[in-house]
Every structure is written in C-alpha cells, then in structure tokens.
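# Structural description and commentary
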Amino acid sequence: MAATRSPAPAVGLDFGTTNSSIARIAADGSVELAQFPTPGSTTASFRSLLYFEQEASAKPQVRSFAGPSAIEHYLAPEDKHRRLVQSLKSYLPSRSLTGTEVFGRRYTVEDMLARILRDLRTGAEDAFGAPIDRALVGRPVRFVGAETEEDAQFAVARLADACHRAGFAEVQFEYEPVGAACAYEATLDHEELVLIGDFGGGTSDFSLLRVGPSMRDRDSRERVLGTSGVGLAGDAFDARLVRHLVSPALGAGSLERSGGKLLPAVPAWIYSNLERWHYLSFLRTRNVTEILKGAMARALEPEKIEALQLLIDEDLGFQLHGAVQRLKYQLSQQETAAFGFDEAGLHLHIPVERAQFESWIADDLVAIENAVDGLLTQTSTAPADIDRVFLTGGTSFVPAVERIFTSRFREGKVARGEAFTAVAHGLALRARQLF
Ligand SMILES: Nc1ncnc2c1ncn2[C@@H]1O[C@H](COP(=O)(O)OP(=O)(O)OP(=O)(O)O)[C@@H](O)[C@H]1O
Ligand SMILES: [Mg+2]
C-alpha cells in the first residue's frame with residue numbers, strides 16, 4: 001500500500017504573520033502537526049520571526065535564527081548587536097519595501113522569508129522523520145496593505161518565490177479560511193453552509209462556503225460563495241494599547257512650557273515607532289537622544305520621558321510587546337486587568353478595564369463588522385441561511401470580536417476550532433485532494 005503512494009505527501013503550510021505551522025496526513029490517515037523544539041518543550045506554533053546577531057568583536061560574524069530559536073538567542077544575555085525582524089508577511093504586497101539592511105548587508109524580503117520558511121520546512125522534516133518538498137500554502141483573502149488584486153498576486157508570487165528558495169519544489173496556494181473550513185468539514189457527515197472567520201495577527205479573513213462529504217473533492221471556486229477581509233487584527237489591537245495606554249505613560253501628550261505656551265514635549269512620530277515593537281530599535285539614534293534630552297530639560301513630567309529613554313537605551317521593544325500581549329490575553333479572560341512591565345529598572349503598572357480596551361479598538365471592530373456584513377450582502381445571504389459560524393486564529397479570543405458573531409447569529413451556531421493550528425490542519429487535508 002505505502003509503496004504506491006508518493007514518498008513525500010504534500011504538507012499544509014500556514015505561514016502566519018505571528019505564528020506558522022505545518023501539518024501532514026500521517027500513514028494512518030490522521031492529521032499530524034509538526035512539533036518544533038523549544039527550551040524544555042515543543043510547540044506546533046513556530047513564531048514567524050527572524051533574528052540576526054553579530055558578535056561585538058574585531059572580525060564580526062553574522063548569525064541568523066528563525067522561529068523558537070530566534071527568541072531564545074535574542075533573549076540570551078550576551079554582548080552582541082541584535083536585530084529582530086517580525087511580521088514579514090505584512091510587507092509582502094508592498095512593492096516599495098524590497099528589503100532591509102542588517103549589519104551592512106542587504107537582505108530582500110524574499111531572502112528573509114526564505115530563511116524562516118527553510119527552518120520551518122527542515123524543522124517539520126525532523127519532526128515527521130520524512131522529507132518535505134511539496135506544500136499547499138495558505139494565503140489571506142486580503143493581505144495587509146494590498147489595495148488591488150495585482151497587489152495580492154504580487155504578494156503570492158513573492159511568497160511562492162520564497163518557498164522555492166526555502167527548498168519546496170512545488171507549492172500551491174489556498175485561502176487560509178478555506179483551510180480552516182476543511183478542518184471543520186472533516187468532522188461533518190452532512191452538508192452545511194459555513195461562515196469562517198480567521199482572526200490572526202495581521203488579517204481578519206472571512207469566507208462563506210459549502211462544506212461536507214459531498215463537497216470535499218470540489219474545486220474551491222465551486223464551493224466558495226464569497227470572501228472578504230480586512231488587513232487588521234491582533235497587531236492593530238496591540239498598537240492601540242500602546243497608543244492609549246503605554247505611550248502616555250512614557251510622555252506622549254506630556255507638555256512643556258515654551259515661550260509662554262504649552263506644547264507637546266516629544267514629537268508624536270517617536271511614539272508611532274513604539275506601536276510596532278520592532279521599530280523601537282530605529283529610535284536608537286543620536287537625533288532621538290538629542291530630542292529627548294531637550295524634552296527632559298523642559299517637560300513638566302520629565303520622569304516619563306526618562307522612562308522612554310531607558311526603554312530605547314535598553315532596546316526593550318520585544319519585552320514591551322510581550323507585556324502588551326499579556327494584558328490583551330488577560331482582557332480576553334476578565335473584565336479588568338493590569339498592564340505590568342518590570343524590566344531594567346523600568347516599572348509600569350496601569351489598571352485597565354475591558355470596556356476601555358474595547359473603546360480603543362472600536363474603529364477596528366467597525367471595519368471588521370463591515371467586512372462580515374459586506375460578505376453577507378455580496379452573497380445575498382441572511383444570517384439564518386448559515387448553518388455554522390466557525391472562528392479561528394488567536395484574535396478570535398477577544399470577546400468583542402466573538403460578539404460580532406454571537407450578536408448576529410442564533411445561540412449555538414458560533415463554534416471555535418483550534419485557534420492556532422486549524423488552518424494548517426485543514427490545508428493538509430485539502431493538499432491530499434489537490435496534489
Ligand atoms: N487569548 C488571546 N486573546 C487575544 N488575542 C490573542 C490571544 N491569543 C493570541 N492572540 C493574538 O492572536 C494573534 C496571533 O494569532 P494567529 O497565530 O492566529 O495569527 P497568524 O496566523 O500568525 O496571523 P495571520 O493569520 O494574520 O497571518 C496575535 O495578535 C496574538 O496577540
Ligand atoms: Mg493565521
């Protein structure tokens with residue numbers, strides 16, 4: 001039996017803005033997720049991160065790491081020049097962003113993606129004990145920042161190029177929410193009309209499709225009634241928390257007296273670099289140090305600006321973002337929580353209510369709601385026509401996001417899958433049909 005099969009069945013690959021995973025159909029027909037080693041454990045969620053380091057020596061060598069080992073090496077206390085690159089997927093549709101310079105060498109977006117994808121592929125090979133050279137790769141319905149279909153095609157072509165460079169001989173693409181639908185479909189013994197909502201780090205994606213045993217072998221074009229999406233999700237919520245909570249504690253909006261007038265002590269662009277944590281290292285320049293020095297001398301609340309300078313000097317963007325995410329996760333569980341940050345002598349403790357958080361992300365929620373309602377209108381579907389709403393992705397844990405669905409659909413209709421692995425799981429099932 002095994003001898004008649006292809007030696008390396010295609011895997012399902014979910015390359016996420018924050019987390020990636022790979023699944024395959026095991027010999028017994030079950031779906032198996034690749035487990036990647038972490039210190040003391042394993043994980044199916046491979047952080048979509050790339051880390052470069054350079055020894056502070058006379059003949060410096062640049063080393064790079066991806067996924068769990070990127071974080072491990074980044075956090076290792078050694079005297080090194082360090083650079084973390086994250087959310088690369090968000091740059092895929094941008095023609096103007098071709099790459100970046102790291103320690104004097106230029107890397108294209110494709111180089112960096114390929115570096116992550118190669119470790120993801122070889123890590124999964126180690127986990128499965130089998131070679132991997134073909135993959136069904138997920139793509140968002142709407143890429144972050146893509147305005148036209150050409151932008152999306154450009155993004156897909158870039159991702160395909162990176163996959164080839166990472167050692168995948170053959171790749172095909174499928175919508176991420178269709179992947180998630182296939183995971184749900186595997187549990188069904190009848191046909192259903194389902195609405196899939198996939199809320200990740202970068203994108204919120206929706207698909208309306210028919211699923212069930214009779215639909216499994218159909219082409220996606222036949223079963224997908226419509227798709228919609230918006231290029232914002234968990235990363236955008238984090239940025240709102242930084243803007244409304246963290247930045248004010250670090251002097252955003254603080255005033256200084258200048259010629260009898262009260263003016264902002266620190267220019268706003270400095271704080272916009274806090275909203276994407278990996279931009280924090282861009283603030284480590286002489287120019288910013290000079291601006292902050294002047295502001296500290298004149299500001300009415302100099303201690304807040306001192307705290308900002310400390311954050312920049314100690315390059316604590318990653319740690320700050322971790323604290324923001326912890327707060328966000330707590331607010332998914334409870335009505336009140338506290339932002340807590342204690343690093344390198346910097347201590348911030350700020351209580352937050354879920355209702356405040358929801359007011360800060362209100363515009364984002366409206367954009368998400370519009371995408372959901374737009375899909376129903378565009379396909380002439382009433383909520384009552386839909387049998388099941390299936391939510392996946394880490395941001396689907398945010399209660400205000402879930403409410404968008406529980407307020408539109410009758411109780412019991414809204415279900416949830418494996419938040420971080422449903423897409424890869426379903427893509428593996430779909431790959432078996434497609435390849
Ligand atoms: N309990 C939680 N409450 C709120 N947000 C959460 C929770 N757990 C994870 N998240 C958020 O979910 C996001 C990551 O989700 P996921 O791994 O599904 O995204 P992704 O697949 O990497 O991104 P995308 O699909 O947009 O490319 C992050 O923004 C993370 O902060
Ligand atoms: Mg995802």
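Higher on the page you've got the structure.
All of these numbers come straight from a predicted model, not from anything done at the bench. (Residues numbered from 1 in each chain as written. Chains lettered and ligands numbered in written order. Predicted model: local features only at pLDDT ≥ 70, side-chain atom pairs only at ≥ 80, totals over all residues. Heavy atoms only, no water.)

Right, let's talk about the site of ligand 1 for a bit. In the vicinity of ligand 1 there are 22 residues, among which Thr17, Thr18, Lys89, Gln325 and Ser332 approach most closely. Lys89 has a polar side-chain atom sitting 2.7 Å from an oxygen atom of ligand 1. One nitrogen or oxygen atom from the side chain of Gln325 is found 2.5 Å from an oxygen atom belonging to ligand 1. Burial of ligand 1 by the protein chains amounts to 94% of its free accessible area of 660 Å². Here the residues of the shell around ligand 1 are counted per class, giving four nonpolar, 14 polar and four charged. (Near = heavy atom within 4 Å. Polar contact = N/O pair within 3.5 Å; in protein donor to acceptor, adjacent residues only side chain to side chain. Areas by Shrake-Rupley, 256 points an atom, 1.4 Å probe, with all protein chains shown as cover. Nonpolar A, V, L, I, M, F, W, Y, C, P; charged D, E, K, R; others polar.)

Here the focus is the packing of helix H12 (residues 362-378) against helix H13 (residues 399-406). Here H12 crosses H13 at 30 degrees, and the two axes come no closer than 11 Å. In terms of orientation, H12 and H13 fall into the roughly parallel class. By crossing handedness, the relation of H12 to H13 is classed as right-handed. Contact with H12, carried on its side by Leu365, Ile368, Glu369 and Val372, involves Ala400, Val401, Ile404 and Phe405 of H13 and no other residues of that element. (Axes fitted to C-alpha atoms, helices over the stretch in contact; angles between N-to-C directions. Helix = DSSP H or I, 4+ residues; strand = E, 2+ residues; numbered from the N terminus. Parallel < 35°, antiparallel > 145°, perpendicular 65-115°, else oblique. Left-handed = near helix turned anticlockwise from the far one by under 90°. Contact = heavy atoms within 4.5 Å.)

A separate point is the packing of helix H4 (residues 176-185) against helix H14 (residues 422-434). At a closest axis distance of 6 Å, the pairing of H4 and H14 adopts a crossing angle of 80 degrees. By the criterion of interaxial angle, the relationship of H4 to H14 is roughly perpendicular. Counted together, Glu176, Val178, Gly179, Ala180, Cys182 and Ala183 of H4 and Ala422, Val423, His425, Gly426, Leu427, Leu429 and Arg430 of H14 form the full contact between these two elements. Classifying every residue of the contact of H4 with H14 by side-chain character gives eight nonpolar, three polar and two charged.

Here we take up a nonpolar patch on the surface. Taken together, Leu255, Leu262 and Leu300 make up a surface patch of nonpolar side chains, about 250 Å² in accessible area. Within the secondary structure layout, Leu262 lies in strand E18 (residues 261-264). We classify Leu262 as partly exposed; its relative accessible area is 44%. (Patch = residues over 30% accessible without salt bridge, like charges linked within 9 Å, V, L, I, M, F, W, Y side chains within 5 Å. Salt bridge = Lys/Arg side-chain N within 4 Å of Asp/Glu carboxyl O. Buried < 20%, exposed > 50% of the residue type's maximum accessible area, 1.4 Å probe, protein only.)

None of this, on its own, says anything about what the molecule does.
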